[in-house]
Amino acid sequence: QRLETIARLREAGVPVGVLVAPVIPALTDEFLLNILQAARDAGAQFAGYVVLRLPHAVKELFETWLRQHFPDRAEKVLNRIRSMRGGELDTSEFGARMCGEGPYAQEISALFHVACRRAGLAFEGPTLSTASFRRRAADGQLTLFD
């Protein structure tokens, strides 16, 4: 359904990008190229990604799910997340929380960029215009009719 939505938006002339999220280290990162190629085939023009972060109660839920469904990879996945998050399962600092830090975060970034190039996707979306925005009147009130 998501790929169909991308196709319909592109047919309507809307610039379309995709956000691959969350990328789960040692679990879903291997699918980046396939996901990006499918998005491009559907009409996507640009892409971004977010690496998994596990704030608050989410970490317990995820860890339970991971150990139940991927017991053989659970420790590897959790250790990769910790290696990207300063030893923790979450980082809240702006700039680090979306992509992580360290060698494995750099590896995912490089993999993502290679996958984008192979799929023919840009790393950034179009420049947005503010031409249609109107300033409020001096008294702070918007006008109903122009």
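Here, every reference points to the structure presented above.
Figured I'd write up the structure that's included with this text. (Residues numbered from 1 in each chain as written. Predicted model: local features only at pLDDT ≥ 70, side-chain atom pairs only at ≥ 80, totals over all residues. Heavy atoms only, no water.)

### Looking at the pairing of strand β2 (residues 46-51)
Part 1: The buried count for β2 comes to 6 of 6 residues, which makes it a mostly enclosed element.
Part 2: Residues of β2 alternate between two faces, with Phe46, Gly48 and Val50 on one and Ala47, Tyr49 and Val51 on the opposite face, all of them buried.
Part 3: Summarising the sheet, strand β1 (residues 17-23) and β2 pair through 5 bridges and their orientation is parallel. Its bridge partner being in β2, valine 23 is matched across the sheet by valine 51.
Part 4: A crossover links β1 with its parallel partner β2, the connecting element being helix α2 (residues 32-42), and its sense is right-handed. (Buried < 20%, exposed > 50% of the residue type's maximum accessible area, 1.4 Å probe, protein only. Helix = DSSP H or I, 4+ residues; strand = E, 2+ residues; numbered from the N terminus. Pairing = 2+ DSSP bridges. Right-handed = clockwise from strand over helix to strand, strands pointing away.)

### Comments concerning helix α5 (residues 103-119)
Part 1: With 17 residues, α5 should reach 24 Å at 1.5 Å per residue; the first-to-last C-alpha distance of 24 Å fits that figure.
Part 2: Every buried residue of α5 is accounted for by Tyr104, Ala105, Ile108, Phe112, Ala115, Cys116 and Ala119. Buried residues along α5 cover an arc of 115° about the axis, so they all sit on one side. Of the exposed residues in α5, those oriented more than 90 degrees away from the buried face are Pro103, Gln106, Arg117 and Arg118.
Part 3: Where the residues of α5 are buried, they touch β1, α2, β2 and α4 (74-84). (Expected span 1.5 Å × (residues − 1). Arc of directions from axis to C-beta. Contact = heavy atoms within 4.5 Å.)

### Looking at the side chain of arginine 85
Part 1: Structurally, the position occupied by arginine 85 is in the loop between α4 and α5.
Part 2: A distance of 3.1 Å separates the side chain of arginine 85 from the backbone oxygen of valine 51, its partner in a polar contact.
Part 3: At 3.0 Å, the side chain of arginine 85 and the backbone oxygen of leucine 52 are in polar contact.
Part 4: Ignoring any residue separated from it by four or fewer positions in sequence, one finds arginine 85 in contact with Val51, Leu52, Arg53, Asp90, Thr91, Ala96, Arg97, Met98 and Gly100. (Polar contact = N/O pair within 3.5 Å; in protein donor to acceptor, adjacent residues only side chain to side chain.)

### What to know about the packing of helix α1 (residues 2-11) against α2
Part 1: Here α1 crosses α2 at 35°, and the two axes come no closer than 8 Å. Facing Leu3, Ile6 and Ala7 of α1, the residues of α2 in contact are Ala38, Ala39 and Ala42.
Part 2: A per-class count over the contact of α1 with α2 returns 6 nonpolar, no polar and no charged. (Axes fitted to C-alpha atoms, helices over the stretch in contact; angles between N-to-C directions. Nonpolar A, V, L, I, M, F, W, Y, C, P; charged D, E, K, R; others polar.)

### A few points about the layout of surface pockets
Part 1: The space that makes up the largest pocket amounts to roughly 210 Å³.
Part 2: If you go around the largest pocket, the residues you meet are Arg2, Leu3, Ile6, Val18, Leu19, Val20, Ala21, Ile35, Ala38 and Ala39.
Part 3: Of all the secondary-structure elements, those providing two or more residues to the lining of the largest pocket are α1, β1 and α2.
Part 4: In terms of residues, the lining of the largest pocket owes the most to one element, β1, which gives 4 residues.
Part 5: Classifying every residue of the lining of the largest pocket by side-chain character gives 9 nonpolar, no polar and 1 charged. (1 Å grid on protein atoms, 1.4 Å probe; cavity = no way out; pocket = protein on both sides within 12 Å on 5 of 7 lines; lining within 4 Å. Points joined across faces, edges and corners; volume = space filled by probe spheres on them.)

Limitation: the analysis is restricted to geometry and does not speak to function.
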